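# Remarks on the overall topology
Spelled out, the chains give:
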Amino acid sequence: MSLIVENAPLFVAGLWATLRIAVVTLIASTLIGFAIGTMATARTAWLRWIARAYTEVLRAVPLIVNLFFVYFVAPLLGLALSPYLAVVVGLSLWGGANAAEVVRGGLLAVPRHQRETARALGLREWQVLLLVVIPQALRAIVPALAGLLVLLLQSTSLGALVGVSEFFRVGQLVIERTTVMQGLDPAFGIYAFMLAVYFVLCSALTLVSRRLERRLGGRHLAAPAL
Amino acid sequence: MTFDTAYLVAQFPALWRGLLMTLEVSLVAMALSIVIGTAGAAARQLRIPVLSPLVFAYVELIRNTPLLVQMFFIFYGLPAIGIRLSLFWSGVASLAVWAGAFQVENIRGGLSVVGRGLYDAGLALGLRRAKVLLLVALPIGLRMSIPAMLNTSISLLKNSAYLQAIGLRDLTFVAVDRISSDFRILEMFAVLLVTYIVLVFALAAASGVVERRLRRPFAA
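Attention in this report is confined to the structure presented alongside it. Each chain carries its own residue numbering, running from 1 in the direction its sequence is written. All chains are assigned letters beginning with A, and all ligands numbers beginning with 1, in the order in which they are written. Note on the predicted model: pLDDT of at least 70 is required for a residue's local features to be given, and 80 or more for side-chain atom pairs to be given and counted; whole-chain, interface and lining totals, by contrast, use all residues. Side-chain numbers here rest on the full set of heavy atoms in the structure, without hydrogens or water.

## Structural notes on the overall build of chain B
Formally: By definition, any uninterrupted DSSP run of H or I lasting at least four residues is a helix, any uninterrupted run of E lasting at least two residues is a strand, and each is numbered from the N terminus. Here's how the labels work: a residue is buried when its accessible area is under 20% of the maximum for its type, exposed when over 50%, partly exposed in between, all with a 1.4 Å probe on protein chains only. In this description, contact between two residues means that some pair of their heavy atoms is separated by no more than 4.5 Å. Each accessible area is a Shrake-Rupley result for a 1.4 Å probe, and residues are judged covered by the shown protein chains and nothing else. Here Asp and Glu are counted as negative and Lys and Arg as positive; His is not counted, and neither are the chain ends. Charge placement uses NZ in Lys and CZ in Arg. For Asp and Glu, CG and CD serve respectively.
Per the secondary structure count, chain B includes ten helices and zero strands. Taken from N to C terminus, the helices and strands of chain B fall in the order α-α-α-α-α-α-α-α-α-α. On the principal axes, the C-alpha backbone points of chain B span a range of 70 × 45 × 25 Å. Looking at chain B as a whole, 49% of its 220 residues qualify as buried. Taking the contacts inside chain B whose residues are at least 6 apart along the sequence as the reference set, 80% of them involve residues at least 24 apart. Only carbon and sulfur atoms are counted for the fraction: they give 69% of the accessible area of chain B, which is about 10,400 Å². Distance between charge centres in chain B, computed from 19 positive and 10 negative side chains, equals 15 Å.

Rendered as structure tokens:
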């Protein structure tokens, strides 16, 4: 316990990094999700196929492999990504695939006649989407994206494996340092503490997601899964 | 950087052992997760005092914490209180405990499909509640939850890759190990991507077949 108090500034800094990565990747995932999700419901077949391939591949590959892929392959392409950026990009690509499924589900949940009526009224295709379909789809999409944020928040812990000083990495550092300098192993207490912190944050977000779902009254979309 | 096929062939035995480890740890954990899920769902369904709220807490705890941290807690944290599992069994335990939480919810979902009338009929025939669950609700409910259980199993197989972080020599561990020693980045990622995609799609296809089969009426 005293270890946690002594290292409080470190933990707070780590938690701040974790939250920042989670929020940034959620924004990027949402953008990717809307682009790919809209493509997935397009009338052009090859657009649908690209969207399908993107989501299926990213969801089939373990997130950790996806992260290592970005981390190791980006330099080969001449992109020198910092570990922080590699994590943000890796998580966003994966989150984007999950958000795309959410957006696609949300768009399909809007009754067909809404599109047809809007077209009959003379709206252009982009107007139909932007002014009629998406606003209604948001009722189902927003709660599911809050659910995705929970997964992203949890997945930031993978950053520790490529050396990003987020919350989990800070915990590991404190454990290593205490073991080396004081010869005792605080792994049980520190990891339990970290689980507790993640639990409080994530269950609060889960509650928000459930409440949003009830409040907005949209169709229930299958939650994204790890 | 060129793609070196000869290197890939030379690494085949090590990768194969990694793949077997991935499959072994996943299959044992899948079986255990279904046992946990069934027991947990039964405790919830029968509203067994103490046990039912505990299962609820377990499910929420697992679903709202990162799998990676759970793994480190089990492998590095539990020995401090005298629970010392080997690397392999730590892997199995963390995956089974993680997926078990989702299986509880999957099976509860399946059970909720079983009509009230069937429970009442069982009770009217003089069966105790536990017997009704075991003989009437579970045979139907488990069947209804198979697609969801398969989906969780797919996630489990995929996420067994996280175990490379605690040093289990699974497929991902072997590939990442080769990358750090030999820098054959493209070859190793090609293997990882293709293998996981094939495994996941195969399981997903199986799940699709089961789902279609389940849509047929009962008793056939």
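So, next bit.
## Looking at the packing of aromatic side chains
The test is simple: Classification of ring pairs uses Phe, Tyr and Trp, with its six-membered ring standing for Trp, and accepts pairs whose centres are within 6.5 Å; under 30 degrees between planes counts as stacked, over 60 as edge-to-face, and the remaining range as tilted.
What the rule picks out here adds up to 17 aromatic pairs over all chains. When the ring of Phe68(A) is compared with that of Phe72(A), the centres are 6.1 Å apart and the planes differ by 40°; the resulting orientation is tilted. Here Phe68(A) and its partner Phe72(A) are both found in helix α4 (residues 63-73), four residues apart, which amounts to about one turn of the helix. Considered together, Phe68(A) and Phe72(A) belong to a single accessibility category, that of buried residues. When the ring of Trp98(B) is compared with that of Phe102(B), the centres are 5.0 Å apart and the planes differ by 55°; the resulting orientation is tilted. Of this pair, Trp98(B) and Phe102(B) both sit in helix α5 (residues 87-113), separated by four residues, roughly a single helical turn. Every member of this aromatic cluster is reached through a ring pair, and the members are Phe68(A), Phe69(A), Tyr71(A), Phe72(A) and Phe189(B).

## Concerning the pattern of salt bridges
All names here are of chain A. To keep it simple, the criterion reads: Whenever Lys or Arg places a side-chain nitrogen within 4 Å of a carboxyl oxygen from Asp or Glu, that contact is recorded as a salt bridge.
The full count for this structure, using the stated rule, is ten salt bridges over all chains. For Glu56, the salt bridge goes to Arg52, with nearest N and O atoms at 3.6 Å. Of this pair, Glu56 and Arg52 both sit in helix α3 (residues 45-60), four residues apart, roughly one helical turn. Across the salt bridge formed by Arg104 and Glu101, the nearest N and O atoms sit 3.5 Å from each other. Placement of the pair is Arg104 and Glu101 together in helix α5 (residues 83-109), with a separation of three residues, close to one helical turn. Taking relative accessible area as the criterion, Arg104 reaches 31% and is therefore assigned partly exposed. Look at the salt bridges and you will find they share partners, linking Arg43, Arg119 and Glu125 into a network.

## Looking at the nonpolar core
Put simply, the rule reads: Only buried residues count toward a nonpolar core, which is a set of Ala, Val, Leu, Ile, Met, Phe, Trp, Tyr and Cys residues joined through side-chain atoms within 4.5 Å.
Formed by 106 residues in total, the largest nonpolar core has its most connected members in Phe168(A), Met194(A), Tyr162(B) and Phe189(B). Residue contributions to this core peak at 15 residues, all from helix α7 (residues 125-155) of chain A. Grouped together as the second largest cluster of nonpolar side chains are 13 residues, Ala42(B), Leu46(B), Ile107(B) and Leu133(B) included.

Without other data, these values stay purely geometric and don't point to any function.
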